[in-house]
Amino acid sequence: MPHPSPFRGSFTALVTPFRDGALDEKALRGLVDWQIDEGTHGLVPVGTTGESPTVTHDEHKRVVEWTVEQAAGRVPVIAGAGSNNTVEAIDLARHAEKAGADAALVVTPYYNKPSQEGLYQHYKAINDAIGIPIIIYNIPGRSVVDMSVETMARLFELPNIAGVKDATANLARVSQQRQAMGPSFNQLSGEDATALAFMAHGGDGCISVASNVAPKLCSQLQNACLAGDFRTALELQDRLFPLFQALFVETNPSPTKYALSVLGKIADEARLPMVPVSEKTKEIVRDAMVHAGLIN
């Protein structure tokens, strides 16, 4: 079977808005509309930025449903569906498919540190359980395991494995993966700061944290890269780079939620063990937003 067409451009790793400890459905739906109006190419709910570790499974599923409903086919939705428990990952992936998501983003199992064969069998089990594309999320810094290019190539032989969200920050990987799987393997950067270089190496887009806050600029940067206009992309990179850094001064997504609260989009509220950012970080984030032209 042919692999699905690649997802291209700027995909926002959506935050999950809370108010008084509960999901804020109105704010989430408002974010979806604003993102699409600003030119975002796709949405990724309940990934790490969406605080997937601390939402319940029921809440996770509701966020996917609301995002798909509100997007209403205007842009693709790649639903977070990862777990270090294969049975749970299958349940979340099946729900994503049932809810109408266009693909599932499945992180490498964290904490239990599976072998490369364990990684293969985990993804194969999910592949066999659903009929929508699967994007592998390779983020060794959080999961402590790094999927090898060889394992990815094995998985790409399966019908639903479509590509990777690569957060290794190793730019050579883009070329290594192109050599191993070819250009039809969908490669999305998982790191804003190096996404420009990732695209120059042959990437298809970025699953972005910063596009929560600057969706139009992130979309323009990706459009420039896809058009081969790297001069314009570099100008946008220079404008956005302080924001790319500021949103990780403290652990994501707390700085991003603060920035969105400054824009009046959501409450500045996260779930423990995530906490609101310090006053010093607030100043850094605001300065970066001014540099990008998002606020005065």
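Conventions we followed
Residues numbered from 1 in each chain as written. Predicted model: local features only at pLDDT ≥ 70, side-chain atom pairs only at ≥ 80, totals over all residues. Heavy atoms only, no water. Helix = DSSP H or I, 4+ residues; strand = E, 2+ residues; numbered from the N terminus. Expected span 1.5 Å × (residues − 1). Buried < 20%, exposed > 50% of the residue type's maximum accessible area, 1.4 Å probe, protein only. Arc of directions from axis to C-beta. Contact = heavy atoms within 4.5 Å. Core = buried A, V, L, I, M, F, W, Y, C linked by side-chain atoms within 4.5 Å. Pairing = 2+ DSSP bridges. Right-handed = clockwise from strand over helix to strand, strands pointing away. Salt bridge = Lys/Arg side-chain N within 4 Å of Asp/Glu carboxyl O. Axes fitted to C-alpha atoms, helices over the stretch in contact; angles between N-to-C directions. Phe/Tyr/Trp six-rings, centres within 6.5 Å; stacked < 30°, edge-to-face > 60°. Lys NZ or Arg CZ within 6 Å of the ring centre and 35° of its normal.

Turning next to helix α4 (residues 116–129). In a regular helix each residue adds 1.5 Å, so 14 residues correspond to 20 Å; α4 covers 20 Å between its end C-alpha atoms and thus fits that length. Every buried residue belonging to α4 is among L119, Y120, H122, Y123, I126 and N127, and all of these are buried. Looking straight down α4, one finds that the buried residues subtend no more than 165° of arc, so they occupy a single side. Those residues of α4 hidden inside the fold are in contact with α3 (86–99), β6 (103–107), β7 (134–138), α6 (149–155) and β8 (161–166).

Time to look at the nonpolar core. Buried together is how nonpolar side chains tend to be arranged in soluble globular proteins. Counting residues in hydrophobic clusters, the biggest one holds 32 residues, and the most contacted among them are V213, L240, L243, L247, L260 and M289. Elements with a minimum of two residues in this core: α1 (25–37), α8 (195–200), α9 (215–226), α10 (230–246), α11 (254–262) and α12 (279–292). For this core, the leading source of residues is α10, giving six residues. With sequence-adjacent residues up to four places away left out, L240 is seen in contact with A214, L217, C218 and L221.

As a further point, take the pairing of β6. Most of β6 sits inside the fold, with five of its five residues counted as buried. Every second residue of β6 is oriented toward a common face, with A103, L105 and V107 on one face and A104 and V106 on the other, all of them buried. The pairing of strand β5 (residues 78–80) with β6 spans three bridges and is classified as parallel. Note on β6: the bridge partner recorded for I78 is A103. You can see the chain leave β5, run along α3 and come back into β6, and the turn it takes is right-handed.

What follows is about the side chain of E51. Looking at the element boundaries, E51 is found in the loop between β4 (42–44) and α2 (57–71). Excluding anything up to four places from it in sequence, E51 contacts T16, F18, P253, K257, A270, R271 and M274.

Tallying each qualifying case throughout the model produces twelve salt bridges. Residue R154 pairs with E117 through a salt bridge whose shortest N-O separation is 2.9 Å. Pair noted here: R154 is in helix α6 and E117 is in helix α4, with a separation of 37 residues, a long-range link. The class of R154 is partly exposed, set by a relative accessible area of 34%. According to the relative accessible area criterion, E117 is partly exposed, its value standing at 40%. Overlapping salt bridges, with partners in common, bring together E25, R29 and E69 in one network.

The next point concerns the environment of G131. Among the structural elements, G131 can be located in the loop between α4 and β7. C-alpha of G131 to C-alpha of A93: the two residues are 38 residues apart in sequence and 9.6 Å apart in space. Excluding anything up to four places from it in sequence, G131 contacts E97 and N160.

So, on to the sheet that holds β8. The eight strands are arranged β4-β1-β10-β9-β8-β7-β6-β5 in an open sheet whose pairing can be described as parallel. The open sheet is flanked by β4 and β5, the only strands paired with a single partner. Across the sheet, the mean angle separating the axes of adjacent strands is 30° when strand polarity is ignored. Pairing analysis gives four bridges linking β6 to β7, with the strands arranged parallel. Residue pairing for β7: V107 is matched across the bridge by Y137.

Another aspect to go through is the packing of aromatic side chains. Evaluation of the coordinates by the stated rule reveals two aromatic pairs. Both rings, one in F7 and one in F11, keep their centres 5.9 Å apart while their planes meet at 75°; by these two values the pair is edge-to-face. Ring centres of F156 and F185 lie 5.0 Å apart, and the angle between their planes is 80°; on these two criteria the pair is classed as edge-to-face. Of this pair, F156 sits in the loop between α6 and β8 while F185 is found in the loop between α7 (172–181) and β9 (186–189), placing the two residues 29 residues apart along the sequence. By relative accessible area, which is 10% here, F156 ends up buried. For F185, a relative accessible area of 1% gives the class buried. Across the ring face of Y120, the terminal group of R154 is positioned such that the distance to the ring centre comes to 3.7 Å.

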